[in-house]
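Structural overview for review
The residues making up each chain are set out below.
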Amino acid sequence: MNELRHLGIIMDGNGRWAKSRALSRSKGHEAGANKVQMLCEYCLNNAVPKLSLFAFSTENWQRPKAEVNFLLGLLGDFLKSQKQNFINERIKFKAIGDLEVFSNDIKDQIFSLQEATKEFDRLNFNLAINYGGKDEIIRAFKKIMQNFTQNNTQITELLSAITEKSIQENLDESSDIDLLIRTGGEHRVSNFMLWQASYAELMFTPTLFPDFSQSELEQIVMTYKKKHRRFGGL
Ligand code: FPP
């Protein structure tokens, strides 16, 4: 049986869920945000040590301004409302993505939640916001190069410093994803954790995210656990 050390989820289908109920897209996002607690509880109860959720991509800024603002408001509410829960449950929170673009208010809430939970280890919870897998890799390269320009180093040394290990260490999240689930019926990874998901098992379900249940999650994880993972070998 495969161990599940890092679970990634692309939470898709909120808009269609709302539309099918003649509700506004915002209601779908709200219903989606309310599912996050179930995912955390599943991980806590089943000894899954790391959960990464895709909440807002670098491409999501292209949505109508009202929807973007609603999603940012939801993010702010989430960061505030979950603080005590994360402390009680001993969950370590980390925001991944380029956080520079966010307002000081959101950044303060992110840093405050990260600070308040930094010693915890029951579950590592990563929330991907203004996140793109390509952007994360570019930022990792820039971090590596910045070290070198500061030290006035030769180009040959810089080239030898670019290794799988150094890139991985400079990503927002270093550990590989074991299982990546996408709800909502699309068969795409949509720029989510491209580096970390290079050998992930990909599982897609037509269920729209607000309808995604613990029992379906259990079934998917069971399928994952029974898979023969070869990592390019035999
Ligand atoms: C995709 O559904 C979902 C998103 C772009 C946002 C995901 C956000 C949440 C689940 C809520 C926010 C969560 C937190 C923790 C703040 P979609 O809008 O693309 O749905 P559609 O494909 O049916 O239109």
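Presented here is an overview of the structure given in this document. (Residues numbered from 1 in each chain as written. Predicted model: local features only at pLDDT ≥ 70, side-chain atom pairs only at ≥ 80, totals over all residues. Heavy atoms only, no water.)

Counted under the stated rule, the structure contains twelve aromatic pairs. Pairing Phe78 with Phe125 gives two aromatic rings, centres 6.1 Å apart and planes at 25°, and the pair type is stacked. Taken together, the positions of Phe78 in helix H4 (residues 65-89) and Phe125 in strand S4 (residues 123-131) put the pair 47 residues apart, joining distant regions of the chain. Exposure remark for Phe78: the relative accessible area of 11% places this residue in the buried category. Measuring from centroid to centroid gives 5.8 Å for Tyr131 and Phe192, while their planes differ by 75°, and the two rings are edge-to-face. Here Tyr131, found in strand S4, pairs with Phe192, found in the loop between strand S5 (179-182) and strand S6 (201-204); they are 61 residues apart in sequence, far enough to count as distant. (Phe/Tyr/Trp six-rings, centres within 6.5 Å; stacked < 30°, edge-to-face > 60°. Helix = DSSP H or I, 4+ residues; strand = E, 2+ residues; numbered from the N terminus. Buried < 20%, exposed > 50% of the residue type's maximum accessible area, 1.4 Å probe, protein only.)

What follows deals with the site of the ligand. The local shell around the ligand holds 17 residues, among which Asp12, Gly15, Arg16, Arg25 and Arg63 are the closest. In the environment of the ligand, an oxygen atom lies 3.0 Å from a nitrogen or oxygen atom belonging to the side chain of Asp12. Arg25 places a side-chain nitrogen or oxygen 2.8 Å from an oxygen atom of the ligand. For the ligand, whose free accessible area comes to 620 Å², the fraction covered by protein is 91%. Only helix H1 (14-20), helix H2 (25-33) and H4 provide two or more residues apiece to the shell around the ligand. Of the residues forming the shell around the ligand, the biggest block, four residues, is contributed by H2. (Near = heavy atom within 4 Å. Polar contact = N/O pair within 3.5 Å; in protein donor to acceptor, adjacent residues only side chain to side chain. Areas by Shrake-Rupley, 256 points an atom, 1.4 Å probe, with all protein chains shown as cover.)

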